[in-house]
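Examination of the molecular architecture
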Amino acid sequence: MEHLLTNVKCKTAEQKEAVLKELKNVCSQCKACELCKTRTCTVFSDGSADAKIMLIGEAPGADEDATGTPFVGRAGQLLNTFLEEAGFDRKKDLYICNTIKCRPPQNRVPTNEEKAACQTYLTAQISTVAPKIILLCGSTAANSFINEDFKISQIRGKWLNIFENIEVMAIFHPSYLLRNHSLEQGSPRWLMKKDLENVKKKLDELNSEI
Ligand code: URA
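Figured I'd write up the structure that's included with this text.

The rules behind each value
- Residues numbered from 1 in each chain as written.
- Predicted model: local features only at pLDDT ≥ 70, side-chain atom pairs only at ≥ 80, totals over all residues.
- Heavy atoms only, no water.
- Buried < 20%, exposed > 50% of the residue type's maximum accessible area, 1.4 Å probe, protein only.
- Helix = DSSP H or I, 4+ residues; strand = E, 2+ residues; numbered from the N terminus.
- Pairing = 2+ DSSP bridges.
- Lys, Arg positive; Asp, Glu negative; His and termini not counted.
- Salt bridge = Lys/Arg side-chain N within 4 Å of Asp/Glu carboxyl O.
- Contact = heavy atoms within 4.5 Å.
- 1 Å grid on protein atoms, 1.4 Å probe; cavity = no way out; pocket = protein on both sides within 12 Å on 5 of 7 lines; lining within 4 Å.
- Points joined across faces, edges and corners; volume = space filled by probe spheres on them.
- Nonpolar A, V, L, I, M, F, W, Y, C, P; charged D, E, K, R; others polar.
- Near = heavy atom within 4 Å.
- Polar contact = N/O pair within 3.5 Å; in protein donor to acceptor, adjacent residues only side chain to side chain.
- Areas by Shrake-Rupley, 256 points an atom, 1.4 Å probe, with all protein chains shown as cover.
- Sits in = over half its atoms within 2 Å of the grid points.

**Overview of the pairing of strand β6 (residues 166-171)**
The buried count for β6 comes to five of six residues, which makes it a mostly enclosed element. As defined by bridge partners, strand β4 (residues 133-137) adjoins β6 across five bridges and the pair is classed as parallel. The residue of β6 that forms the bridge with leucine 136 is alanine 170. In the sheet, strand β5 (residues 159-163) pairs with β6 via three bridges, with the strands oriented antiparallel. What sits directly across from leucine 160, in β6, is valine 168. The hairpin turn running from β5 into β6, its antiparallel successor, is two residues long, and asparagine 165 in that turn takes a positive phi close to 70 degrees.

Rendered as structure tokens:
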């Protein structure tokens, strides 16, 4: 995999796609942690290799483990609704992946060892896609990039200074929104809608600069 990591300064959508295809292939054989023993398949990504927005979730659930595609279960369908309402086309505007690529048994939170074992893939995905915006979807994804203790409810919706040249925002995870139905002002679903509207504004600004 080393050559993939050192050779990621590619520019065209086709070049990005080719690198990601090779990485996905390497990932599908991965035995770097115990999750390889219980997975049905690895879940690498969905969406566009050339997207300006990269959304990073936690880990595949049962539906993702069965299909090999991130965010296709109930949480994914709710995410799709929010993305559509904010004016995004999931397949064109976003590159979607997870912090780890294999389903943890019973959907438990990934361990630090599992996250560390999977870090190379995520790093390579970020450098290959070279997004302008990264959305850290939920605490596990945010935890991988923020060293201090935080509550997702306190940091979500703010533009975070984590990478040079990439705008980063943490947002609620749709699984949390599945347990919180209210649409009232200030509710988690209301905040998610506002956050994605701000992301859309930022994307439009970035597009108008080009
Ligand atoms: N939750 C995640 O974080 N990722 C998925 O792909 C599905 C559910």
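**Regarding the side chain of aspartate 65**
Note on placement: aspartate 65 falls in helix α3 (residues 62-67). Buried and without a salt bridge, aspartate 65 has arginine 103 as its closest oppositely charged side chain, separated by 4.9 Å. Leaving out residues up to four positions away in the same chain, aspartate 65 has contacts with Arg39, Thr40, Cys41, Val43, Pro60 and Arg103.

**A look at the layout of surface pockets**
Which parts of space are left empty comes out when a probe the size of a water molecule is rolled across the atoms. What the largest pocket holds in volume is close to 610 Å³. Residue lining of the largest pocket: 27 residues in total, with Glu58, Ala59, Ala75, His173 and Ser175 positioned closest to the centre. Counting only elements with at least two residues in the lining of the largest pocket, the list comes to α3, α4 (74-85), α7 (139-143) and α9 (174-178). Tallied by class, the residues present in the lining of the largest pocket amount to 11 nonpolar, 10 polar and six charged.

**Some remarks on the pairing of strand β3 (residues 94-98)**
With five of five residues buried, β3 lies mostly within the body of the structure. With burial as the criterion, each face of β3 is covered, one bearing Leu94, Ile96 and Asn98 and the other bearing Tyr95 and Cys97. Strand direction decides the pairing type here: strand β1 (residues 46-47) and β3, joined by two bridges, are antiparallel. Opposite aspartate 46, over in β3, you have isoleucine 96 as the bridge partner.

**Here's the deal with the site of the ligand**
What surrounds the ligand is the set Gly57, Glu58, Ala59, Glu64, Pro70, Phe71, Asn98 and His173. Within the backbone of glutamate 58, an N or O atom sits 2.7 Å from an oxygen atom of the ligand. Look at the ligand: alone it shows 230 Å² of surface, and the protein chains cover 93% of it. Given that more than half its atoms are within 2 Å of the pocket grid, the ligand belongs to the largest pocket. Residue composition of the shell around the ligand, by class: three nonpolar, three polar and two charged.

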